Amino acid sequence: MERATTSSQVFYDGDFWNAIATTTAGQSPDTHASKWEVVGIPADWRRELVTFAQAFLLEAQGQQDKSQAALAMGNAYLVELRETEAAKLGRRPQRRVRVP
Amino acid sequence: MIRIKAQELIDDVARAMGWDPADLDNWQTADIKAALSRALDLVWTDRTMWWAEVMEERRLAFADYWSSTTAYTQGVVVFFPQSNSYWQCISSVTGAEPATYNVGYDGWEASSHWYQCDSLDSATTWDPGTDYASGALVTFDGEFYVANASISAGNAPGVSASWVKVVQLDPVIRGVSGGARANAARPSIGAVRWITDRRPSEDAGYEALEWMKSGEDYRVNAQDNMVVWVSYRRVCPPLVGDTWDATKAYTPINTRY
């Protein structure tokens, strides 16, 4: 599977955008919206993403203790996020199925 | 999905690291993007969750839908929704519908350019002493062939160009395959949750179908279902883009996020 690269993705107006059609010089997400798609990042994940990213940066700096502490905090946030998501799904009508 | 601007996340991470968001150098910005990309992938692909925000529920066929503007060549299989069936091109054509509804016959009548993929049971073994009319279906050396013109006796499949090999429908949902943008109309499949006969979020009577992953594709035990509903997690997009450069051209990739 191909992954986005700097030839297919840009950072523009505070967001990441993927090219979904070939662009020529000067064709930005503003001027040629049909050629670009914004990368959607769920707002609900803000706390988790920031904390995990901090942990990874601290790890890269060799600050293992602080990185581990941030990872633990990120994981705790993630557990809360899962519980919130499960509660949201629980409010919807569900049907049990056999999933192969 | 209520989404957050990536810039806000970058600023948050900078502050968490004790850096001034307004005074980041290129290296710091690149490091933050890489760390955020890794964090996003970690949450997005959490094996214990199917986050609603990144799930898709799509009605998918096992081949592209027939299009009146596409030039088809021999061997190409399409789904024709009007007849709810699959057709294989047996002679190059543009614009001709695979079949038309015949009111008198009360059924779908194939165009001379197309052959229905799921009607191969009527094939007979090729007989060297028989003349065959256009549309005749035979088996030869374990393969199916249909005549796209009248063929006189003795002209065997594989020798006469008027015999066109036809195939059974392969019930495969395509992931992302090389070359063409296989999923131009929908986000690429990251992980399948289930494949069902009806739309699970709207029809409580749906049944889960068995499937197995084959490379990037998904082979479905479709039973009698011509199309299926696929519930899946989209592919997590990496966050790698540099600031948009007005002098540069950009090229899409096969994966659609």
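The coordinates are above.
So, here is what we can say about the structure in this document.

**Things to note about the pattern of salt bridges**
Across all of its chains, the model carries 22 salt bridges over all chains by this definition. Salt-bridge contacts for B:Asp12 lead to A:Arg46; the nearest nitrogen and oxygen are separated by 2.7 Å. Taken as a pair, B:Asp12 in helix α1 (residues 6-16) and A:Arg46 in helix α1 (residues 46-60) lie in two separate chains rather than in one. The class for B:Asp12 is buried, based on a relative accessible area of 16%. The class of A:Arg46 is partly exposed, set by a relative accessible area of 31%.

**Quick word on the sheet that holds strand β16 (residues 211-214) of chain B**
Residue and element names in this part refer to chain B. The three strands are arranged β13-β17-β16 in an open sheet whose pairing can be described as antiparallel. For this open sheet the edge positions go to β13 (172-173) and β16, each flanked by a neighbour on one side alone. One ladder, built from two bridges, connects β13 with strand β17 (residues 217-220); its direction is antiparallel. Among the inter-strand pairings, Val-172 is bridged to a residue of β17, identified as Arg-219.

**Considering α1(B)**
Along α1(B), the residues that are buried comprise B:Ala6, B:Leu9, B:Ile10, B:Asp11, B:Asp12, B:Val13 and B:Ala14. Close packing links the buried residues of α1(B) with β1 (9-12), β2 (15-19) and α1 of chain A together with α2 (26-44) of chain B. The positive-phi residue at the C-terminal boundary of α1(B) is B:Gly18, with phi of around 80°.

What counts and what doesn't
- Along each chain, residue indices are assigned from 1 in the same order as the chain's sequence is written.
- Chain labels run from A onward and ligand labels from 1 onward, assigned in the order the entries are written.
- Only residues with pLDDT of 70 or above have their local features reported here, since the model is predicted, and side-chain atom pairs are shown and tallied only from 80 upward, although totals for entire chains, interfaces and linings are computed over all residues.
- Computation of side-chain values: all heavy atoms of the structure, hydrogens and water removed.
- A carboxyl oxygen of Asp or Glu within 4 Å of a side-chain nitrogen of Lys or Arg is what we treat as a salt bridge.
- Numbering goes from the N terminus for both helices and strands, where a helix is a DSSP run of H or I of at least four residues and a strand is a run of E of at least two.
- Exposure classes here rest on a 1.4 Å probe applied to the protein chains alone. A residue is buried below 20% of its type maximum, exposed above 50%, and partly exposed in between.
- Strand pairing requires that DSSP identify at least two bridges connecting the strands.
- Pairs of residues are marked as contacts when any of their non-hydrogen atoms sit within 4.5 Å.

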